[in-house]
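Reading the structure
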Amino acid sequence: MVLAADAAARRAGLRIGMPATKAQAIVPGLIVRDADPAADAEALEKLALWALRRYAPIVATDAPDGLVIDITGAAHLHGGEDAMVRGMVDQLAASGVAARAAIADSWGAAHAFARYGARSAIVVPAGESARAVLDLPIAALRLPKDMVENLRVLGFERIGELAAKPRAPLALRFGPELGRRLDQASGRLSEPIDPVRLPSLIEVRRVFAEPVGAAETIARTTGKLVAQLCEALEAKGLGARRLDFLFHRVDNRIEAIRIGTALPMRDVTRLTRLLCDKLETIDPGFGIEIMRLAATLAEPLAPKQTISSLTEEPEADVSGLIDTLANRVGEQHLYRFAPVASDVPERSVCRVAPTAPDTGEAWPNHWPRPSRLLPAPEPIETVALLPDHPPVNFTWRGVRRRVKCADGPERVFGEWWKQDAELIAVRDYFRVEDEAGERFWIYRSGNGEEAATGSQSWFLHGIFG
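Below you will find a few notes about this structure. Bear in mind the structure is a predicted one, so any value in this text is a computation, not a measurement.

**What about the sheet that holds strand S11 (residues 372-384)?**
The 6 strands lie next to each other as S11-S12-S13-S14-S15-S16, forming a closed barrel whose pairing is antiparallel. Neighbouring strand axes in the sheet, compared pairwise and without regard to direction, differ in orientation by 45 degrees on average. Judged from the 5 bridges that link them, strand S15 (residues 439-445) and strand S16 (residues 458-463) form a sheet pairing that is antiparallel. Residue pairing in the sheet places Arg444 in a bridge with Trp458 of S16.

**Regarding a nonpolar patch on the surface**
Taken together, the side chains of Val318, Leu321, Leu325 and Val329 define a hydrophobic patch exposed on the protein surface, amounting to about 330 Å² of accessible area. Here Val318 lies in the loop between strand S8 (288-300) and helix H13 (319-329).

**Re empty space enclosed by the protein**
This structure, assessed with the given rule, holds 1 cavity of 30 Å³ or more. Looking at the largest cavity, its volume works out to about 30 Å³. Trp367, Pro368, Asp407, Glu410, Tyr429, Phe430, Arg431 and Trp441 together form the lining of the largest cavity. Listing elements by their share of the lining of the largest cavity, those giving two or more residues are strand S13 (399-413) and strand S14 (426-434). Per element, the largest residue contribution to the lining of the largest cavity is 3 residues, and it comes from S14. A per-class count over the lining of the largest cavity returns 5 nonpolar, no polar and 3 charged.

**Some thoughts on the pattern of salt bridges**
Side chains that differ in charge, positive against negative, can pair when their charged atoms come close. Within this structure, the stated rule accounts for 30 salt bridges. Measuring nitrogen to oxygen at the nearest pair gives 3.9 Å for the salt bridge that ties Arg402 to Glu435. Residue Arg402 is found in strand S13, and its partner Glu435 is found in the loop between S14 and S15; the two are separated by 33 residues along the sequence. The network of salt bridges with shared partners includes Arg249, Asp251, Arg253, Glu255 and Asp283.

**A look at the pairing of S16**
Of all 6 residues that make up S16, 6 are buried, and the element is covered over most of its length. Two strands pair when backbone bridges link them, and S11 and S16 are joined in this way by 5 bridges, in the antiparallel orientation. Bridge assignment links Ile380 to a residue of S16, and that residue is Trp458.

**Brief notes about the sheet that holds S8**
If you trace the 4 strands from one edge of the open sheet to the other, you get S5-S8-S6-S7, paired in antiparallel fashion. Because the sheet does not close on itself, it has two edges, and the strands there are strand S5 (202-212) and strand S7 (254-265). Averaged over all pairs of adjacent strands, the angle between strand axes in this sheet comes to 15 degrees, irrespective of strand direction. Pairing analysis gives 11 bridges linking strand S6 (residues 238-249) to S8, with the strands arranged antiparallel. Bridge pairing in S8 places Gly239 opposite Glu299. Its contacts with the sheet place helix H12 (residues 268-276) against S6, S7 and S8, and it is angled at close to 145 degrees to S7.

**Things to note about the packing of aromatic side chains**
One pass over the structure, following the stated rule, counts 10 aromatic pairs. Between the aromatic rings of Trp50 and Tyr55, the centroid separation amounts to 5.5 Å while the plane-to-plane angle is 80 degrees, which identifies the pairing as edge-to-face. Taking relative accessible area as the criterion, Trp50 reaches 24% and is therefore assigned partly exposed. Centroid distance Phe245 to Phe247: 4.5 Å. Interplanar angle 45 degrees. Geometry classified as tilted. With respect to class, Phe245 is no different from Phe247; both count as buried. Every member of this aromatic cluster is reached through a ring pair, and the members are Tyr429, Trp441, Tyr443 and Phe459. Above the face of the Tyr335 ring, Arg351 is positioned so that its terminal group lies 4.0 Å from the ring centre.

**A few points about the pairing of S14**
Burial analysis of S14 places 7 of its 9 residues in the buried class, which makes it a mostly covered element. Bridge analysis of S13 against S14 gives 8 bridges, and the strand direction is antiparallel. Following the sheet pairing, Glu410 is matched in S14 by Tyr429. Of the strand pairs in this sheet, S14 and S15 are connected by 7 bridges, and their pairing is antiparallel. Within S15, the position partnered with Val432 by the bridge is Phe440.

**Some details on the nonpolar core**
One finds Leu229, Leu243, Phe245, Phe247, Leu275, Met291 and Leu293 to be the most contacted residues of the largest nonpolar core, which totals 26 residues. When contributions to this core are tallied by element, the ones reaching two or more residues are S5, helix H11 (215-235), S6, S7, H12 and S8. If you tally residues by element for this core, the top one is H11, at 6 residues. Sequence-distant contacts of Met291, defined by excluding residues within four places in its chain, comprise Val204, Arg205, Arg206, Phe208, Ile218, Thr221, Thr222, Leu225, Phe245, Leu246 and Phe247. Membership of the second largest hydrophobic core comes to 24 residues, among which are Phe113, Ala114, Ile122 and Leu151.

**What about the environment of Gly127?**
By the secondary structure assignment, Gly127 is in the loop between strand S4 (121-123) and helix H6 (129-132). Sequence separation of Gly127 and Val340 is 213 residues, and the distance between their C-alpha atoms is 47 Å.

**Some details on the side chain of Arg266**
Assignment of secondary structure puts Arg266 in the loop between S7 and H12. Buried and unpaired, Arg266 has no salt bridge, with Glu234 as the nearest side chain of opposite charge at 4.7 Å.

**Regarding the side chain of Glu410**
Following the sequence through the fold, Glu410 ends up in strand S13. Separated by 2.9 Å, the side chains of Glu410 and Arg369 make a polar contact. Look past the residues within four positions of Glu410 in its chain and what remains in contact with it is His366, Trp367, Arg369, Arg427, Asp428, Tyr429 and Trp441.

**Regarding the packing of H11 against H12**
Running from N to C, H11 and H12 cross one another at 140 degrees; their axes reach a closest spacing of 9 Å. Here H11 lies oblique to H12, going by the angle between them. Judged by the twist between their axes, the crossing of H11 over H12 is right-handed. Across the interface between the two elements, Ala219, Thr222, Gly223, Val226, Ala227 and Cys230 from H11 touch Val268, Leu271, Thr272, Leu275 and Cys276 from H12.

The rules behind the values
Residues numbered from 1 in each chain as written. Predicted model: local features only at pLDDT ≥ 70, side-chain atom pairs only at ≥ 80, totals over all residues. Heavy atoms only, no water. Pairing = 2+ DSSP bridges. Helix = DSSP H or I, 4+ residues; strand = E, 2+ residues; numbered from the N terminus. Axes fitted to C-alpha atoms, helices over the stretch in contact; angles between N-to-C directions. Patch = residues over 30% accessible without salt bridge, like charges linked within 9 Å, V, L, I, M, F, W, Y side chains within 5 Å. Areas by Shrake-Rupley, 256 points an atom, 1.4 Å probe, with all protein chains shown as cover. Salt bridge = Lys/Arg side-chain N within 4 Å of Asp/Glu carboxyl O. 1 Å grid on protein atoms, 1.4 Å probe; cavity = no way out; pocket = protein on both sides within 12 Å on 5 of 7 lines; lining within 4 Å. Points joined across faces, edges and corners; volume = space filled by probe spheres on them. Nonpolar A, V, L, I, M, F, W, Y, C, P; charged D, E, K, R; others polar. Buried < 20%, exposed > 50% of the residue type's maximum accessible area, 1.4 Å probe, protein only. Contact = heavy atoms within 4.5 Å. Phe/Tyr/Trp six-rings, centres within 6.5 Å; stacked < 30°, edge-to-face > 60°. Lys NZ or Arg CZ within 6 Å of the ring centre and 35° of its normal. Core = buried A, V, L, I, M, F, W, Y, C linked by side-chain atoms within 4.5 Å. Lys, Arg positive; Asp, Glu negative; His and termini not counted. Polar contact = N/O pair within 3.5 Å; in protein donor to acceptor, adjacent residues only side chain to side chain. Parallel < 35°, antiparallel > 145°, perpendicular 65-115°, else oblique. Left-handed = near helix turned anticlockwise from the far one by under 90°.

Structural data, given as structure tokens:
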């Protein structure tokens, strides 16, 4: 029997569930491989561990071909839900894995939209999953195949048609599973998630004899668990880069928070503060019975001796501020600018991580550069003598400015090795000051004589502070 078929096979008319002999008769020379369920399960487990490291602290396998991820409190670290789900699909596609993903209020709804939705990446707005799932086919309910066929014989095609019928006759004929799947898809019935864990995970836990829910108790236990974890990390010469804190509630639900650090560390005080800053997002429900703290990403961290000096100032350490901001707004929103070896202004700068090492590059210092560079040069209207004179006046964003003094030109040539159009391209930059004392960085596209070097139009590219 055909258990899986690639895109080419499906285009040839093959489908899952078809006898293999029939498939070979339809497509002569068909390439057939024996199924290996054990290897498939192992690959799915590896994919789940990859998602655990990259996306969220609660990830489980959804056999035979899916993952379920609880992204509560983690989406903002990846640019929001839309950016997260699209980035996930694109990342898998870059690795040769065709994937579909959906974000919804419940596991059942997300499962249904990921497999039967119209797009490969879907985000269902919060609170709308129960209504939106009604338009999907009944096969999206994760029901046995024979039950789906029997329901179709009775005339049911969409989930909404089933949901509108009385439960008692359906339960009498099909058993309780049909109602349970309907409640799970609509979010009325929760499903416990058994998350995967890394084999070499460094983890500590606290099991309570009686469920706890007081914020003071949770915070106090957090400090104790962080101290235990740091001791375990120190014994292995490691520092934590990412911590996952899981709270097992008595109602079989798991609440989780995740923090990251810019550098490997095992500073008990700082890690405790970062975790406690997020405890307010945890809903203890009717009580928490287990708290688990794990270092899902750890890197080598050698002991460091602190040397005090009466004459030298200690080196500034802003990693604590970076960690606090990154865990609040997301790592992708924190960066610093670094120089790039390029004379073209907009190419001479790039974004790097806040703690990225210095590359040794420097910006050109033979001509002053503006403190503010516009995202893209903006066209201006000018009155100027060609070829080498600065403008007498210019109009930018509807305001006419008279030039009081100017310096230039500074000639910047195109980078011919990037594209042929820049082979003879030229820009002439001027620093100009208007009558109000404001200074601007403007340029003319072209050398002022040859049309091939540029359009001879003027642009404003930067503003001096």
